[in-house]
Amino acid sequence: MATPSSLPMLMAPPLFKGKDYREVLIREMDAGKIPLSLGKACPVQCEFCYEIDHSYRETLDPPKTSDEDWKFILDYISKKPTDPMQFWCLGGNEYMEWTDLFLHPKAMEWVEDFLTYTDKNILFFTVGYVHVPKIHQLAAQFPGRINFELSVITLGRYRQRLMPHAPSVKHLLKVLDGPAVSSANFYAFDRDTMADDAKMISEINPRCVLWMGCLTPIKGIKPDTMALMRQGRRALSYEARRIYDMNLPNMTTIHTEAYITAFLSRRRIISVFDALELEKKDTVVVAGSVHRILSMFRKGRAKFLFVPNATLGGDSDCTVLLTFNDIAARLTGQKVLHVPKCIMQSGRGSYTDIAGVSLEQFARRTGVRVKVLHKVDTRLANTQLHRNGFLRNYVEDYLGNPLTQEYEALPLPA
Ligand code: SF4
């Protein structure tokens, strides 16, 4: 049986070595993406960007999208059947690094092409590089077909420090003032940050969804930016209560830390766990947040193997984003492991983690027999996130819940 020290790192097999970049584009399109490219690195260089440490996954570097590439993309997507519930995503690529694609000089024109020459819907996000009034005109001309998520991040005193190259606040307010923006995301960095932004955005746009929360530090983010993110986390409850009291007309959602989401989803986590019918001797892989819930409400019902998100590092705490390397590093002689399916449902392929390592590779290298917990899948995780993701849930069921002090004090194993 392998022990952590004797285990070599599990490496994902290279996918595109010696292949044409259009094969990358096809992979992205088969996964519902509109794969525009700016080249490898994003010129905006936001301090909080999660793409800074991309070393855990193989990303390719297709050249800046040309007119010929765009024709190829539009043609390929046009031939796909239309699902009225599907939104084709401009950005969010799996095999190419994330960049703000609206910095491509043709982006606005190609969005219009997409809406005109296909009958499909489009989803995009940007820190605000859209042309006003063109974007409002497109939203009015193609109602219901655009889901525009505006990454506001912050409008106040930390903006310059976090995103010195992003569009100005003045420009963002113009983007918000009209029908284009479906949701605006922004975060707490201190007291009087997120709540002030919520008030200002709601005054201009009382319809868009306010998607708020705090940012989680991961590996690769600079220490002072990490400190600012953590400062935001400490201010989150204060900011959330202020917004709750404002009773804004907008739908208000909040993306809190994983352990809070897990607490808000505790009933579902417990009922799914019970339905698994595990025995006391069984070992089940869990990230920190789920470990807390099961230790509090189902202590001793199985062995909970706490696996930290070492690949992503920082303060990340998420079962979906665990890797097989993370699990391998925590093995202490187990012969059989129960592993949630959501770990192996990444964009890299089925039974494959976010780094591209497969279940089969893990089992072969470690000698561990894996029993996949099929009920614990990404659909379950996403449903819980959306169902309990309202600011009201956080304020009423978390901040106002007498159980949370005991919950927060629960220690995680070393
Ligand atoms: S604009 Fe987006 S992709 Fe570019 S650096 Fe900022 S967060 Fe990262």
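Residues numbered from 1 in each chain as written. Predicted model: local features only at pLDDT ≥ 70, side-chain atom pairs only at ≥ 80, totals over all residues.

Caption draft 1: A look at the overall build of the protein chain. Per the secondary structure count, the protein chain includes 16 helices and 11 strands. For the protein chain, whose C-alpha radius of gyration is 22 Å, the value lies close to the compact-globule estimate of 22 Å for 414 residues. Each principal axis of the C-alpha atoms in the protein chain carries an extent, and together these give about 60 × 55 × 40 Å. Put simply, the protein chain has 414 residues, and 37% of those count as buried. The contacts in the protein chain between residues at least 6 apart in sequence include a share of 78% that link residues at least 24 apart. (Helix = DSSP H or I, 4+ residues; strand = E, 2+ residues; numbered from the N terminus. Rg over C-alpha atoms; globule rule 2.2 N^0.38 Å. Buried ≥ 20, exposed ≤ 12 C-beta atoms within 10 Å, placed from the backbone. Contact = placed C-beta atoms within 7 Å.)

Caption draft 2: Main features of the domain arrangement of the protein chain. If you check the domain split of the protein chain, you get domain 1 (22–257) and domain 2 (262–377). Listed as interface residues are 11 residues of domain 1 and, on the opposing side, 11 residues of domain 2. (Domains from an automatic or database assignment.)

Caption draft 3: The arrangement of helix α11 (residues 288–297) in detail. Along α11, seven of the 10 residues are buried, which leaves the element largely enclosed by surrounding structure. Three or more residues of α11 are buried, namely Gly288, Ser289, Val290, His291, Arg292, Ile293 and Leu294. Contact partners of the buried residues in α11: α9 (258–264), α10 (266–276), β8 (283–286), β9 (303–306) and α16 (404–409).

Caption draft 4: Summary view of the site of the ligand. Within the structure, the ligand sits among Cys42, Val44, Gln45, Cys46, Cys49, Glu51, Trp98, Thr99, Asp100 and Val127. Split by residue class, the shell around the ligand holds six nonpolar, two polar and two charged. (Near = placed C-beta within 6 Å. Nonpolar A, V, L, I, M, F, W, Y, C, P; charged D, E, K, R; others polar.)

Caption draft 5: Local environment of the environment of Arg233. Relative to the helices and strands, Arg233 is located in helix α8 (residues 223–246). By C-beta crowding, Arg233 is classed as buried, having 21 other C-beta atoms within 10 Å. Each C-alpha atom of the pair Arg233 and Tyr394 lies 14 Å from the other, and the pair is 161 residues apart in sequence. If we skip the residues at most four places from it in the chain, Arg233 touches Cys214 and Glu257.

Caption draft 6: Expanded view of the pairing of β9. Note: β8 against β9, four bridges, orientation parallel. The partner of Val285 across the bridge, within β9, is Leu305. Tracing the backbone out of β8, into α11 and back to the parallel element β9 gives a crossover that is right-handed. (Pairing = 2+ DSSP bridges. Right-handed = clockwise from strand over helix to strand, strands pointing away.)

Caption draft 7: Molecular detail of the nonpolar core. Counting 102 residues, the largest nonpolar core has Val175, Val181, Ala184, Tyr187, Met212 and Val286 as the members making the most contacts within it. The residue makeup of this core includes at least three contributed by each of domain 1 (22–257) and domain 2 (262–377). Beyond its immediate stretch of four places on either side in the chain, Tyr187 contacts Ile153, Thr154, Met194, Met212, Gly213, Cys214, Leu215 and Gly232. (Core = buried A, V, L, I, M, F, W, Y, C linked by C-beta atoms within 7 Å.)

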